[in-house]
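# Chain and residue survey
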Amino acid sequence: MLEIKNLKTSVNNKTILNGVNLKIKAGEVHAIMGPNGSGKSTLANVLSGKNGYEISGDIIFNGKKINETPIDERAQNGIFLAFQYPLEIPGVNTNNFLKTSLNAVRKAKGEKEIDTLNFLKLVKEKSKELGIDEKFLSRQLNVGFSGGEKKKNEILQMKLLEPKISILDETDSGLDIDALRIVADGVNSSKTKENAFLIITHYQRLLDYIKPDFIHVLSDGKIVKTGKSDLGIELEKSGYTNL
Amino acid sequence: MIQNLEINKKNISVEEIKFRENNLKTFNKIGFPNRRQEDWKFTDLSKLIEANFKELKSNKRSLSVYKIEKINDFEHNYIELVDGFLKSSNFKYENKDKISIEEYKENKKINIDYSNSLINLNNALSEGGFSLEILSNYRLNKPLLIYNHFSDNVKNKIINNKNLIILNNDTSLNLVEINSDISEHNFILNNHTHISIGLNSSLKNYNIQKCKSNGFFYKYVKCSLNKNSNYENYIFSSGLKFNKIEEDINIEGEQGNCLINSALFLELDSHQEIKTQINHLKPNCTSHQKIKTVLNKNCKSAYQGKIFVKDIAQKTDAYQLSKALLLDDTSEFNSKPELEIYADDVKCSHGSTSGSINEDSIYYLMTRGISRKKSIELLTKAFLFEVVNSIKDIDIKKLVEKNLDRQIYGL
């Protein structure tokens, strides 16, 4: 589904990713761990299409090279990024934003736009699963939301848009144990044979709930080690320095 | 260029003819305002008029009948003005004994201690407009809409008119002024509105521009507030080629409150300016101003806000804030805040920011499949939302929002 070949990125001539190779197949869950500053968030940003990076190498999604594909088109084609720090956007109503987003994606897929009534029904059902109070949906986007509420809102968006690949950038940071479980359940219940997940995290604790098929360690802009799910536990004990 | 700027001497007193002639003389000496005048430093009206008018005639009363499209969304009273003249009024939701409405008649009691050649021109040539008076102890049940319509007769004309709004003690009025225009031609409106708000009274005044217009509007508002009275003005007049609203407000009684809020979406070569002077003359009064402007493609906008606090006006609470969002680098926004304070126990502040749209916000929205264009539209509306949301009357809020959506999304 997603193949990254020798991906190098730099900002203002400073190299961040230095030859990342990664292959994610449908139905798989991959986790990326690594020390601060190793390039984890950059990888997530680059995959989403964020501007401002010089890129070489290939990002291939569903058989097509997407290096130059704009951000919105990548999202419409099924790449979803759950932000480490979801933005507060005053003046934009959450429900209106969710509906605009869902309809943009549906339209791109050639599906009919959803009307307000059906949308509200759908969003109500999905928020209930995530324990999101409906009141939040009529508030301004992420404004005054707690860290946990913002992260749950990201997962709500993921569940609404039903992407092919979801990249979760430190979704576990700032979550209490209950919220962590809710978010993990949200991810687990979205898993199918057709979609895939790339989970970026610092800690094993999220991976206790979401079992990855592979764990990769990113260090100095490169994947230096790949293993099965027990690699996380090992890292938790010994840290990154011994790698 | 200006032709036939003759004073209509029919049915007016010798004294008034003299008043008009003196004003015309002054105007002819000074001409239209230009950049050399401090109050017009951001707007050279003289040049703009020269560039947009080959000829300019004074407007005459037209006998044509126009059917003005009314708003059906909510119950309201109305006044119809066509090309600046009062055509009809309807106060079916009110006690008619409490309301007086008639064509404006020159009223020498209204002094304008302000020198501005456009006011001279208005004094010299003013015809039409309305006088509205709400008698004591009456609060209108429904809003009053002023349909300010311009026909295709106004091509290359200058309309000079005056309005007078008097709210006697213990009254309240919600006034919505809707400008509409079927003329595709350039024309000028030079309006002077005098407002007097009595004891314990409240006027909420909303300005809406219903469609794009080639009008060049100058509106001078002089307002006086009595004790415990309230004046709120909400300006949503985007769409005109040129618009300058100048407000001169005297808070003459204690516990007087004044609020000026504006949300403007400017595009395609338009030019808008708001200039306010709020004079705090008595203690314990407030004035709040919030001006938000979005500029899209080759627009110019300015906000000049002055707060004056007299030595006895202790416990004044006044602020002015202007925020501009420039969608590209072809537009220009100027701001000139002024505070002149002679009392020592007051709270006064001003702030002004202008900048471009937040790219991180666009990025976030685009990662959700929303196109760049749509993202900018959403963020533009979000920027202006704060002002729209400050409207408490739900019907009027909906009307304003609908109008703003039309401007932003082209609906």
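Definitions and cut-offs
- Along each chain, residues carry numbers from 1 onward, in the same order as the chain's sequence is written.
- Chains carry letters and ligands carry numbers; both start at the beginning, A for chains and 1 for ligands, and go up in the order they are written.
- For this predicted model, a pLDDT threshold of at least 70 governs which residues receive local features, and a threshold of 80 or more governs which side-chain atom pairs are given and counted, while totals over whole chains, interfaces and linings are taken from all residues.
- Think of it this way: any DSSP run of H or I at least four residues long counts as a helix, any run of E at least two long counts as a strand, and we number them from the N terminus.
- Two things to know: the radius of gyration comes from C-alpha atoms, and the globule rule equals 2.2 Å times the number of residues to the power 0.38.
- Comment: burial labels come from other C-beta atoms within 10 Å of the residue's own C-beta, placed from the backbone, where a count of 20 or more is buried, 12 or fewer is exposed, and between is partly exposed.
- Here contacts are defined at the residue level, using C-beta atoms placed from the backbone and a cut-off of 7 Å between them.
- Domain delimitation in this document rests on an assignment produced automatically or drawn from a domain database.
- Two strands make a pair as long as DSSP finds a minimum of two bridges between them.
- Angles run from 0 to 180 degrees between N-to-C directions of axes, and those axes are lines fitted to C-alpha atoms, restricted for helices to the stretch in contact.
- Working definition: roughly parallel below 35 degrees, roughly antiparallel above 145 degrees, roughly perpendicular at 65 to 115 degrees, and oblique for all remaining angles.
- With the far helix as reference, a near helix turned anticlockwise by less than a right angle produces a left-handed crossing, and one turned clockwise produces a right-handed crossing.
- All residues other than Ala, Val, Leu, Ile, Met, Phe, Trp, Tyr, Cys, Pro, Asp, Glu, Lys and Arg, Gly among them, are scored as polar; the first ten of these are nonpolar and the last four charged.
- Take the residue count of a helix, subtract one, and multiply by 1.5 Å to get its expected span.

Tallying secondary structure elements over chain A gives eight helices and twelve strands in all. Since a compact globule built from 243 residues should have a radius of gyration of about 18 Å, the 18 Å found for chain A is in line with a globular shape. By principal-axis analysis of the C-alpha atoms, chain A measures approximately 55 × 40 × 35 Å. Within chain A, buried positions represent 42% of all 243 residues. Summarising the internal contacts of chain A: among those between residues at least 6 apart in sequence, 71% fall at separations of at least 24.

Residue and element names in this part refer to chain B. The domains assigned to chain B are domain 1 (2-253) and domain 2 (358-411). If you average the C-alpha positions of domain 1 and of domain 2, the two centres end up 30 Å apart. If you look at the interface, domain 1 gives 13 residues, while domain 2 gives ten residues. Those elements that provide at least two residues to the side of domain 1 that touches domain 2 are β10 (171-181), β12 (202-209) and β14 (230-236).

This part is about the pairing of strand β15 (residues 240-251) of chain B. All names here are of chain B. The buried fraction of β15 is high, at nine of twelve residues. Relative to strand β17 (residues 271-280), β15 runs parallel, the two being bridged by ten bridges. Paired with isoleucine 245 across the two strands is isoleucine 274, which belongs to β17.

Residues and elements named next belong to chain B. The backbone phi angle of asparagine 137 is positive, close to 55°, even though this residue is not glycine. Examined against the element boundaries, asparagine 137 turns out to sit in the loop between β6 (130-134) and β7 (138-139). On the basis of neighbour counts, which here come to 11 C-beta atoms within 10 Å, the residue asparagine 137 falls in the exposed class.

Another point: the sheet that holds strand β9 (residues 165-169) of chain A. All names here are of chain A. Here six strands make up an open sheet; going across it, the order is β6-β9-β10-β3-β11-β12 and the pairing mixed. The two strands at the open ends of the sheet, each matched to only one other strand, are β6 (79-82) and β12 (222-227). Going from strand to strand, the sheet's axes swing by 20° on average, the running direction of each strand aside.

All names here are of chain A. Between helix α4 (residues 116-129) and helix α5 (residues 147-161), the shortest axis-to-axis distance is 10 Å and the interhelical angle comes to 130°. On the basis of the axis angle, α4 is oblique to α5. In this structure, the crossing between α4 and α5 has a hand that is right-handed. For the pair formed by α4 and α5, the contact residues are Val123, Lys126 and Ser127 on the first element and Leu156, Lys159 and Leu160 on the second. Residues that form the contact of α4 with α5 fall into these classes: three nonpolar, one polar and two charged.

We now examine the pairing of strand β22 (residues 347-355) of chain B. All names here are of chain B. For β22, the tally of buried residues reaches only zero of nine residues, placing the bulk of the element at the surface. Bridging between strand β20 (residues 317-326) and β22 involves nine bridges; their strand directions are parallel. Among the inter-strand pairings, glutamine 320 is bridged to a residue of β22, identified as histidine 350.

Reports of interface size often rely on the accessible area that becomes lost once the parts have come together. Contacts between chain B and chain A engage 18 residues on the former and 20 residues on the latter. When residues of the side of chain B that touches chain A are assigned to their parent elements, the largest contribution, eight residues, is made by helix α5 (residues 372-389) of chain B. For the side of chain B that touches chain A, the residue count by class is eight nonpolar, four polar and six charged.

Picture the strands of a sheet paired through backbone hydrogen bonds; they go either parallel or antiparallel. All names here are of chain A. What the four strands build is an open sheet, ordered β2-β1-β4-β5; its pairing is antiparallel. If you trace the sheet from one side to the other, it starts and ends with β2 (14-24) and β5 (64-65), each paired once. As paired strands, strand β1 (residues 2-11) and β2 are joined by eight bridges and run antiparallel to one another. If you follow valine 11 over to β2, its bridge partner there is lysine 14. The strands that helix α1 (residues 40-48) touches are β1, β2 and β4 (54-61); relative to β2, the one it contacts most, it runs at about 70°.

Moving on to α5(A). All names here are of chain A. Between its first and last C-alpha atoms α5 spans 22 Å; for 15 residues at 1.5 Å apiece the expected length is 21 Å, and the two agree. Among the 15 residues in α5, eleven count as buried, and that is most of the element. For α5, every residue scored as buried is listed here: Lys151, Lys152, Asn153, Glu154, Ile155, Leu156, Gln157, Met158, Lys159, Leu160 and Leu161. Turning to α5, the residues buried within the fold contact β6, α3 (94-108), α4, β9 and α6 (177-190).

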